[in-house]
Amino acid sequence: AKDEKPKGGKPKADNTNRRRRQRQPKGGSDAGSTLDEIRATRIEKVQTLRAAGLEPYAYRWDSTISSAGLSDKYGHLENGEECVPEGGVEAVAGRVIARRFFGKLAFLSLRDELGTTQLYIEKGTLNDKSYEEAFSHLKNLVDIGDIIGAKGTLKRTEKGELSINVTSFEMLTKSLQPLPDKFHGLTDIEKRYRQRYVDMIVNPEVREVFRSRAKITALIRRFLEDREFLEMETPVLQSNAGGADARPFCTYHNALGRDMTLRIATELHLKRMVVGGLDRVFEIGRIFRNEGISTRHNPEFTSVEVYQAYADISDMLELTETMIVRVAQELHGKLEIECQGESLDFTPPFRRESMQYVSATQLLCFL
């Protein structure tokens, strides 16, 4: 069958090509260029660096201090004051998120895991044999998004900005793709979920979510281990999905020649551990359920299951309450916190309600 042309006689534009043809916002070295043009230009810069004997993708770099460490160690410097570290220089590394050039002077903003550092670069203070060429490389070959390392002394500018007075720098990773517009950020919700690494680069608060999650997992593990619970690792591949009422993901085991499923719960294997004589067990494990998906519902998620011999529901309620209170206190330093515009109070004791009461209340609210 022949393809039908849309009304107007023009073929529909391909979304992928259209996105590639989108021009970058004004400002910066990539202004007015398409994504394909930017990539081609940056590949040329990679070749230029290699032709000059410089490796655009370094193997390693030894940093001596982080952005947070700079503030703690040299925060006492007054405006216009300079300081030479004990080792002669401090070494920092990070991603370039802003660059400004004023004749023979340049300012770069470098972001690492903990914050932002300003690089203060004067052409005449670069220790390179040809500082003219080094400054030219900085101006023409370093783009926003690149990861660089820099060494230098410390100074606080007349405007009060703590900075590294750069004496040498090195390209560590040449970025081939531009970062999103700094004024509008990454606003495409779908792209934020599909490319979380970009979201983390342009939105520092997103990294805090990942840090908090890692801390929560560590605090839960520590809490249970302090109470003599043993952490188990149970099979992800199972012959029959059990422990919950959910649709599993199905796969095939080539060596065994049989169909398998990914687990939908850790329950059954953990209970077998208790039957085998381990009185207190838990698992923080990935669960896979082949069901709906949304921004609040991921088919692949992490669950915490805890089992204790000779304990009843009252014991488990007490354990759960104590664990939540402990984690909230250690994570935030308080029990009353703000979350998505709402105030949450984790002060014990928690109210106890049966599932029958909760179900009946939800039904009444629905009606």
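On a predicted model such as this, the values are computed, not experimentally measured, just so you know.

1. What about the environment of Phe346?
Inspection of the secondary structure assignment puts Phe346 in the loop between strand E14 (342-345) and helix H10 (355-366). Sequence separation of Phe346 and Glu336 is 10 residues, and the distance between their C-alpha atoms is 6.3 Å. Sequence-distant contacts of Phe346, defined by excluding residues within four places in its chain, comprise Ile324, Val325, Ala328, Leu335 and Ile337.

2. Things to note about the sheet that holds strand E7 (residues 230-231)
Spatially, the 3 strands line up as an open sheet ordered E7-E11-E12, and their pairing is mixed. Of all the strands in the sheet, just E7 and strand E12 (300-308) have a single pairing partner and so form its edges. Where E7 and strand E11 (residues 280-288) come together, 2 bridges link them in parallel fashion. Within the sheet, the bridge partner assigned to Leu230 lies in E11 and is Val281. Running over the sheet, helix H7 (residues 204-226) touches E7, E11 and E12 and is turned about 155° from E11. Helix H8 (residues 267-275) rests against E11 and E12 of the sheet, and its axis sits at about 25° to E12.

3. A few points about the side chain of Ser67
Within the secondary structure, Ser67 is located in helix H3 (residues 67-74). Dropping the residues within four chain positions of it, Ser67 is found in contact with Asp112, Leu114, Gly115, Thr116 and Thr117.

4. Quick word on unusual backbone geometry
That bond from Pro348 to Pro349 is cis: its omega, 0°, falls within 30 degrees of zero. In this structure, Glu228 is a non-glycine residue whose phi angle is positive, near 65°. Turning to its location among the elements, Glu228 is positioned in the loop between H7 and E7. The backbone of Gln340 sits at a positive phi, close to 50°, despite the residue not being glycine. Positionally, Gln340 belongs in the loop between strand E13 (336-339) and E14.

5. Considering the nonpolar core
Within soluble globular proteins, side chains that are nonpolar tend to cluster in buried spots. Core analysis: the largest hydrophobic core is formed by 25 residues, its most contacted members being Leu70, Val92, Leu108, Leu119, Ile121 and Ile148. Of all elements in the fold, only H3, strand E2 (90-102), strand E3 (105-111), strand E4 (116-122), helix H4 (131-141), strand E5 (147-156) and strand E6 (162-173) reach the threshold of two or more residues within this core. When near neighbours in sequence (up to four residues on either side) are disregarded, Leu108 contacts Val96, Ala98, Arg99, Phe101, Thr117, Gln118, Leu119, Ile121, Leu138, Val142 and Ile148.

6. Regarding the confidence of the model for the protein
Averaged over all residues, the pLDDT of the protein is 87; the fraction at 70 or higher stands at 88%. Here helix H1 (residues 15-21) stands out as the element of the protein with the lowest mean pLDDT, 46, in contrast to E7, whose mean of 98 is the highest.

7. Thoughts on the pattern of salt bridges
Evaluation of the coordinates by the stated rule reveals 20 salt bridges. A salt bridge links Asp62 to Arg60, with the shortest nitrogen-to-oxygen separation between them at 3.0 Å. Judged by relative accessible area, which is 60%, Arg60 ranks as exposed. Among the ionic pairs, Asp143 bridges to Lys174, the shortest N-O distance being 2.5 Å. Highlighted residues: Asp143 in the loop between H4 and E5 and Lys174 in the loop between E6 and helix H5 (189-194), separated in sequence by 31 residues. Taken together, the salt bridges that share partners define one network made up of Arg42, Lys45, Asp143, Asp146 and Lys174.

8. Re the environment of Trp61
Along the chain, Trp61 turns up in the loop between helix H2 (35-51) and H3. The sequence separation of Trp61 and Gly149 amounts to 88 residues, and the corresponding C-alpha distance is 7.2 Å. With sequence-adjacent residues up to four places away left out, Trp61 is seen in contact with Ala91, Val92, Ala93, Gly149, Ala150, Lys151, Glu170 and Leu172. At a separation of 3.3 Å, a polar atom in the side chain of Trp61 contacts the side chain of Ser63. Here the side chain of Trp61 touches Val92 through a polar contact of 3.3 Å, landing on its backbone oxygen.

Definitions and limits used
Residues numbered from 1 in each chain as written. Predicted model: local features only at pLDDT ≥ 70, side-chain atom pairs only at ≥ 80, totals over all residues. Heavy atoms only, no water. Helix = DSSP H or I, 4+ residues; strand = E, 2+ residues; numbered from the N terminus. Contact = heavy atoms within 4.5 Å. Pairing = 2+ DSSP bridges. Axes fitted to C-alpha atoms, helices over the stretch in contact; angles between N-to-C directions. Core = buried A, V, L, I, M, F, W, Y, C linked by side-chain atoms within 4.5 Å. Buried < 20%, exposed > 50% of the residue type's maximum accessible area, 1.4 Å probe, protein only. pLDDT = per-residue confidence, 0-100. Salt bridge = Lys/Arg side-chain N within 4 Å of Asp/Glu carboxyl O. Polar contact = N/O pair within 3.5 Å; in protein donor to acceptor, adjacent residues only side chain to side chain.

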